[in-house]
Structure formats: structure tokens, C-alpha cells
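Residue-level structural notes
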Amino acid sequence: MADGIILLVVVVILVFAVKGSIKHLRGESPCCGGGSSELPPEEKKLDGPVLGKKTIQIRGMSCEHCVNRVTKALNQVEGAAAKVSLRGKKAVVSYDREIDDAALRKAVEDAGYEVVSIA
């Protein structure tokens, strides 16, 4: 009888662990110290007309909290406005002046993520 109860408790714990892992991998859970109630950053408006766009492939994002961190970091670069996609693991950065790739790379890396490429 006691063995059955212990087995049932272990099975219930495993079910919740697997459900949580699946949500985490889909980017639907509050990992990285973030919370599901965190609001996304406001969309940044550029001062001048858009001169171009750069796409940054990013490794290490796993949830909306990660997206918010990368968005905030890139939006702090003068002349840049970012839209970050968790599903695509990328950021599309519009700019109204020339921005060095190194500045964008530094912003992403300082937020704790890895830049795979900038195109």
C-alpha cells in the first residue's frame, strides 16, 4: 500500500515536471527570473526616417522575458529600434543612422545572450 502511494506521488511530480518543461521549451513559462506578468517594452520610435534594417540571429533566448531583455538592450543603442522574435531567435533592428555591428553585438551580449550573425 505504501509503495503504491509513493509511486503515485512520483508519477504526479513527473507529470508536472514534464508539463513545465514543455511550456519552458515553447517559451511560454516565466524562466530566467522573469514573470508572466511582465509587460513588454514600449515600441521605440526613431527620430529620423529609417535608413535600413539589420537582422541579428541570437542564441540563448528561451522565453518572453528573454525577448524583453534583448529588446530593451537593443533599444538603448542610439538610433536603433528593435523587434525581437522568440520563435525565429532573431531581432530585426531598424536604424535612422549608421550603427556599427559591434555596438549591436555588445548590447545583446551585455544582456546575456550570444550573437550568431548580423546581416
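Everything discussed here concerns the structure shown above.
Let me sum up the structure you'll find in this document. One numbering rule holds for all chains: residues counted from 1, following each sequence as written. At least 70 in pLDDT is required for a residue's local features to be given in this predicted model, at least 80 for side-chain atom pairs to be given and counted, and no such filter applies to totals for whole chains, interfaces and linings, which use all residues. Based on all heavy atoms of the structure, the side-chain values leave hydrogens and waters out of the count.

Tracing the sequence through the fold places S85 in strand β2 (residues 80–85). For the pair S85 and T71, spaced 14 residues apart in sequence, the C-alpha to C-alpha distance is 9.5 Å. Contacts: residue pairs with any heavy atoms within 4.5 Å of one another. Dropping the residues within four chain positions of it, S85 is found in contact with M61 and K90. Working definition: helices are DSSP H or I runs of at least four residues, strands are E runs of at least two. Numbering for both runs from the N terminus.

Another aspect to go through is the packing of helix α2 (residues 64–75) against helix α3 (residues 101–110). At a minimum axis distance of 8 Å, the contact between α2 and α3 shows a crossing angle of 145 degrees. Our pair here, α2 against α3, has a crossing hand that is right-handed. Residues V70, A73 and L74 of α2 lie in contact with α3, whose contacting residues are L104, A107 and V108. Taken together, the residues of the contact of α2 with α3 sort by class into six nonpolar, no polar and no charged. Simply put, an axis is a line fit to the C-alpha atoms, just over the touching stretch for a helix, and the angle between two N-to-C directions goes from 0 to 180 degrees. With the far helix as reference, a near helix turned anticlockwise by less than a right angle produces a left-handed crossing, and one turned clockwise produces a right-handed crossing. Each residue is assigned to one class: nonpolar for Ala, Val, Leu, Ile, Met, Phe, Trp, Tyr, Cys and Pro, charged for Asp, Glu, Lys and Arg, and polar for all the others, Gly among them.

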